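Below, each chain spelled out in residue letters.
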Amino acid sequence: MKRVYFDHSATTPVDSEVAKLILEYMTDKFGNPSSIHSFGREVRKSVEEARDKVAALIGAQAKEIFFTSGGTEADNWALKGIAAANRKKGNHIITSSIEHHAILHTCEYLEKQGFSVTYLPVDENARVNVEDVKKAITDQTILISVMFANNEVGTIQPIKEIGKIAKEKGIYFHTDAVQAVGHYPIDVNEYNIDLLTLAGHKFYGPKGVGALYIRRGVKITSFQQGGAQERTMRAGTENVPGIVGLGKAAEIAKLNMEKEIAHVRTLKNKLIKGITEKIPDIKLNGHPELRMPGNVNFSFLYVEGESLLLNLDLKGIAASSGSACTSGSLDPSHVLLSMGLTHEVAHGSLRLSLGRGNTEEEIDYCLEVLPEIVARLRSMSPLGAGSSTIESNPCSSCGGH
């Protein structure tokens, strides 16, 4: 059976050069970076070289990069660290309603600690209004955290404008750029970003490693206590294989970004055009232009997203759904609901996220099987494609709706 991977927003395969390097640092170059002998010094040098490469990818200085276990840890550190270090200055945080749960759940935690959080709404394209950011600022605001690009619908936020506002007001600005780093050009100085989250497995690096960029001079507490690793800011023996792998992935991403963007965008445009022409009663989710190069997200009326997922998987195509039934929740995506979609329309969503290894032949294959799947599922739906209203439709895979 043909196997096609269209779920790069969830994770990416490790680049072969990265994997080769990781293996080397799990076998031959196994020293502890804190050791002063030759084994340790050799590895310490490699860690710092990786730091240089990650910094270069986002226009930062090497000393502003702190390695973490991934995006979730970096998000937690950014919010909790700024909150703890600046509590005397204020207790107000601004974020958006469509953030990753690593941000939203951390904000909920901080609210229980006495902090106030404003959750900005988004428009029908999942974009934050800059004027709403301005209006939300108070004399107690210490941090604005808005994601660079949404992980579900791919919409790119007005980061440069928000960064400018934050700088003018003397407020720290953090962006969860996990979906964008390595796939979209970012310069932390151009965008006035004070803190930025990234994760290796989103751009062909290993899982279990990421980084938090912290602009020099930002007042933030350390993440955890222990040894002197990461300049005492993040104690614990470094994940050397992961870090060198992250550095190599960053180096490759920077070198090939322009070419990769062009390739993936071409495939995305072909897929969107094909789906739009072949399948009726659909809605493209996310901004039509200001979106990540490889993100395609559609809602298919009268069809459950999980049914689409399962049927695509039977044809060898890996994708994801905006409805969370498969993860144990009966609620559809909070992102799609924030955009104004009804529960029923949100439940029929499908995300196809493309990567550097995808081909036009794979797009053609998807455009061959997807219309047939949608037509078959609609023929079994009690609603039917000719229904004038959309009512609650039980989830075919878990019985919810």
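All residue numbers refer to position in the chain's written sequence, counted from 1. With the structure being a predicted model, the display of local features is reserved for residues of pLDDT at least 70 and the display and counting of side-chain atom pairs for 80 or more, all residues being used for whole-chain, interface and lining totals. Note: side-chain values were computed over all heavy atoms of the structure, leaving out hydrogens and water.

For the purposes of this entry, the term helix denotes a DSSP run of H or I that reaches at least four residues, the term strand denotes a run of E that reaches at least two, and both are numbered from the N terminus. Each helix and strand in the protein chain was counted, giving eleven helices and 13 strands. Restricting the calculation to C-alpha atoms gives the radius of gyration, and the globule rule supplies 2.2 Å times the number of residues raised to the power 0.38. Expected size for 401 residues packed as a compact globule is a radius of gyration near 21 Å; at 22 Å, the protein chain falls within 12% of this value. In terms of overall dimensions, the protein chain has C-alpha extents of about 70 × 55 × 35 Å along its principal axes. Exposure categories follow from relative accessible area, calculated using a 1.4 Å probe and restricted to protein chains: below 20% of the type maximum is buried, above 50% is exposed, and the middle band is partly exposed. Taken across its 401 residues, the protein chain has 57% of its residues classed as buried. By the convention used here, residues are in contact when the closest approach between their heavy atoms is within 4.5 Å. Put simply, 72% of the contacts in the protein chain that link residues at least 6 apart link residues at least 24 apart. Only the protein chains shown count as cover for residues, and all accessible areas are computed by the Shrake-Rupley method using a 1.4 Å probe. A total accessible area of about 17100 Å² is found for the protein chain, and carbon and sulfur atoms account for 52% of it. When charges are counted, Lys and Arg contribute as positive and Asp and Glu as negative, whereas His and the chain ends are disregarded. A charged residue contributes its charge at one atom only: NZ of Lys, CZ of Arg, CG of Asp or CD of Glu. One way to put it: in the protein chain the 44 positive side-chain charges average out to a point 6 Å from where the 47 negative ones average out.

Most of strand β13 (residues 349-353) is tucked away, with five of its five residues classed as buried. Side chains S349, R351 and S353 project from β13 onto one buried face, and the interleaved L350 and L352 project onto a second face that is buried too. In the sheet, strand β10 (residues 295-300) pairs with β13 via five bridges, with the strands oriented antiparallel. The partner of N297 across the bridge, within β13, is R351. Strands are labelled as partners when DSSP assigns at least two bridges between them. Pairing geometry for strand β12 (residues 320-321) and β13, over two bridges, is antiparallel. Bridged to S320 within β13 is R351.

Below, the discussion takes up the environment of L246. Considering the arrangement of structural elements, one finds L246 in helix α7 (residues 240-278). Residue L246 is classed as buried on the basis of its relative accessible area, which comes to 0%. Distance from L246 to R378, taken between C-alpha atoms, is 44 Å for residues 132 residues apart in sequence. The contact partners of L246, leaving out residues within four places of it in the chain, are V54, F67, L198, G200, F203, P206, V209 and G210.

This part is about the sheet that holds β12. The strand order β9-β10-β13-β12 describes an open sheet built from four strands, whose pairing is antiparallel. One side of each edge strand has no neighbouring strand; the edge strands of this open sheet are β9 (282-284) and β12. In this structure, β9 lies alongside β10, joined through three bridges in antiparallel fashion. What sits directly across from I282, in β10, is F300. Only the stretch in contact is used when a helix axis is fitted, and all axes are lines through C-alpha atoms; the angle between N-to-C directions ranges over 0 to 180 degrees. Sitting on the sheet, helix α11 (residues 360-380) touches β9, β10 and β13, and the angle it makes with β10 is about 20°.

Relative to the elements of secondary structure, S381 occurs in the segment after α11. Along the primary structure S381 and V303 are separated by 78 residues, whereas in three dimensions their C-alpha atoms are 7.3 Å apart.

Moving on: the side chain of R291. Structurally, the position occupied by R291 is in the loop between β9 and β10. Any carboxyl oxygen of Asp or Glu that lies within 4 Å of a side-chain nitrogen of Lys or Arg is treated as forming a salt bridge with it. Lacking a salt bridge, the buried R291 has E289 as its closest oppositely charged neighbour, with an N-O distance of 11 Å. The term polar contact refers here to a pair of N or O atoms within 3.5 Å; inside protein, the definition further demands a hydrogen-donor-capable atom paired with an acceptor-capable atom, and it admits residues adjacent in sequence only when both atoms are side-chain atoms. Of the polar contacts made by the side chain of R291, one reaches the side chain of N295; its length is 2.7 Å. Those residues in contact with R291 that lie beyond four places of it in its chain are V153, G154, T155, I156, K268, L284, N285, G286, V296 and N297.

The UniProt entry lists K202 under the feature "modified residue: N6-(pyridoxal phosphate)lysine" (unreviewed entry), expressed in the numbering used here. Residue placement: K202 occurs in the loop between β7 (195-199) and β8 (210-214). Once residues within four sequence positions are removed from consideration, K202 is found in contact with S9, A10, T11, T12, V178, Q179 and H183. UniProt positions are given in the numbering used here, feature names are shortened, and annotations may be inferred rather than shown by experiment.

Residues I65, F67, I144, V181, I193, L196 and F203 are the most contacted members of the largest nonpolar core, which totals 67 residues. With ten residues, α7 is the largest single contributor of residues to this core. The two domains that each donate at least three residues to this core are domain 1 (4-9 + 257-379) and domain 2 (16-253). Apart from the residues within four sequence positions on either side, F203 is in contact with T12, L57, V181, G182, H183, L198, L246, A249, A250 and A253. In terms of nonpolar packing, the next biggest core, distinct from the first, is built from 29 residues, V4, L267, V296 and V303 among them. In this text, buried Ala, Val, Leu, Ile, Met, Phe, Trp, Tyr and Cys residues form a nonpolar core when linked through side-chain atoms within 4.5 Å. All the domain ranges listed were derived from an automatic or database domain assignment.

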